[in-house]
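Given next are the chains, with one letter for each unit.
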Amino acid sequence: MVIKGNARGGAADLAKHLKRQDTNERVEIVQLRGVAANDLTGALKEMDAFGAGLRTTRTLYHASINIRADEQLTPAQRMQAIDRLESALGLTGQPRAIVEHEKHGRAGEGRIHWHVVWSRTDLEHMRAIRCDHNFRTHELVARELEREFGHARVQGVHIERDGPDGKRIVRPGKADPQKEGAIV
């Protein structure tokens, strides 16, 4: 499982990207929570507007959850994964939108992944919810979920960098670890 995400602004552009039908075989709005709007563009603009008084323009947090083509998540597992990530990022209960995409892979198989967008605005204290160390958090949650769901482990760069034999695992497609400047 690969989880990626970051803080961002640009609600309208993000909504446009998430609704693209030309790069996805199927786009489904799974959930809009904590917003009055009943469409994705309106929901993201509303979440962005919550942060109008903040000292940041990056009022949203956008994450994607990707699984291997030969693995699946049940709807309950999908929500468990999203809720676990939400909790780990400190975004519990924040307004959110969930979008499911299906793309055809290189071999023609359907590949499903999910996008989740949260509001970073803590309305009670009128400040942005911090998202420090998010790459490490993504990997921690992904490894936990892989174990729980019985999925194959995806090698990351931030945690669990050693293999079963105790040797450092080199990520595929990365530079030779013997060379200077290699990422291992």
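Thresholds, definitions, all that
Residues numbered from 1 in each chain as written. Predicted model: local features only at pLDDT ≥ 70, side-chain atom pairs only at ≥ 80, totals over all residues. Heavy atoms only, no water. Pairing = 2+ DSSP bridges. Helix = DSSP H or I, 4+ residues; strand = E, 2+ residues; numbered from the N terminus. Axes fitted to C-alpha atoms, helices over the stretch in contact; angles between N-to-C directions. Contact = heavy atoms within 4.5 Å. Buried < 20%, exposed > 50% of the residue type's maximum accessible area, 1.4 Å probe, protein only. Polar contact = N/O pair within 3.5 Å; in protein donor to acceptor, adjacent residues only side chain to side chain. Phe/Tyr/Trp six-rings, centres within 6.5 Å; stacked < 30°, edge-to-face > 60°. Parallel < 35°, antiparallel > 145°, perpendicular 65-115°, else oblique. Left-handed = near helix turned anticlockwise from the far one by under 90°. Nonpolar A, V, L, I, M, F, W, Y, C, P; charged D, E, K, R; others polar. Core = buried A, V, L, I, M, F, W, Y, C linked by side-chain atoms within 4.5 Å. Salt bridge = Lys/Arg side-chain N within 4 Å of Asp/Glu carboxyl O. Expected span 1.5 Å × (residues − 1).

Caption draft 1: Examining the sheet that holds strand S2 (residues 26-33) more closely. Spatially, S1-S3-S5-S4-S2 is the arrangement adopted by the 5 strands of the open sheet, whose pairing is antiparallel. Strands at the two margins of the open sheet, each flanked by one partner only, are strand S1 (2-8) and S2. Neighbour-to-neighbour, the strand axes of this sheet turn through a mean angle of 15°, independent of strand direction. Across 9 bridges, strand S4 (residues 96-104) lies against strand S5 (residues 110-119) in antiparallel orientation. What sits directly across from Arg96, in S5, is Trp118. Of the strands in this sheet, S1, S2, strand S3 (60-66), S4 and S5 touch helix H3 (residues 75-88), which is tilted by about 130° from S4.

Caption draft 2: Spotlight on the side chain of Asn24. Tracing the backbone shows Asn24 in the loop between helix H1 (11-18) and S2. With a relative accessible area of 4%, Asn24 lands in the buried category. A polar contact of 3.4 Å, which involves the side chain of Asn24, links it to the side chain of Thr23. In this structure the side chain of Asn24 is engaged in a polar contact, spanning 3.4 Å, whose partner is the side chain of His101. Other than its neighbours up to four places away in sequence, Asn24 contacts His101, Glu102, Lys103 and His113.

Caption draft 3: The arrangement of the packing of aromatic side chains in detail. This model, assessed by the stated rule, comprises 1 aromatic pair. Ring centres 6.3 Å apart and planes at 50° place the aromatic pair Tyr61 and Trp118 in the tilted group. One end of the pair, Tyr61, is in strand S3; the other, Trp118, is in strand S5, and 57 residues separate them in sequence. Side by side, Tyr61 and Trp118 carry an identical accessibility label, which is buried.

Caption draft 4: The packing of H1 against helix H2 (residues 40-50), seen in detail. In contact at an axis separation of 8 Å, H1 and H2 are set at 150° when each is read in the N-to-C sense. In terms of axis orientation, H1 runs roughly antiparallel to H2. By crossing handedness, the relation of H1 to H2 is classed as right-handed. Residues Ala11, Ala12, Leu14, Ala15 and Leu18 of H1 form the contact with H2, whose participating residues are Leu40, Thr41, Leu44, Lys45 and Asp48. In terms of residue class, the contact of H1 with H2 is made up of 7 nonpolar, 1 polar and 2 charged.

Caption draft 5: Layout of the nonpolar core. Counting residues in hydrophobic clusters, the biggest one holds 23 residues, and the most contacted among them are Met1, Ile3, Tyr61, Ile65, Leu85 and Trp118. Those elements giving two or more residues to this core turn out to be S1, S3, H3, S5 and helix H4 (134-149). Once residues lying within four places of it in the same chain are set aside, the contact partners of Ile3 are Ser64, Ile65, Leu85, His138, Val141 and Ala142. The next biggest cluster of nonpolar side chains, apart from the first, holds 15 residues, and it includes Val27, Ala43, Leu44 and Val99.

Caption draft 6: Structural context of the pattern of salt bridges. Counted by the stated rule, this structure contains 14 salt bridges. In the salt-bridge network here, residues are joined through shared partners; they are Arg26, Glu28, Arg78, Glu100 and Glu102.

Caption draft 7: H3, seen in detail. The end-to-end C-alpha distance of H3 is 20 Å, a good match for the 20 Å that 14 residues give at a rise of 1.5 Å each. Inspection of H3 places Gln77, Arg78, Ala81, Ile82, Leu85 and Glu86 among the buried residues, and these make up the whole buried set. Backbone geometry just downstream of H3 places Gly90 in the positive-phi region, at approximately 75°.

Caption draft 8: Layout of the environment of Gln72. You can see Gln72 is positioned in the loop between S3 and H3. Along the chain, Gln72 and Arg111 lie 39 residues apart, while their C-alpha atoms are 9.3 Å from each other. Among all residues touching Gln72, those that are not within four sequence positions of it are Ile67, Gln77 and His151.

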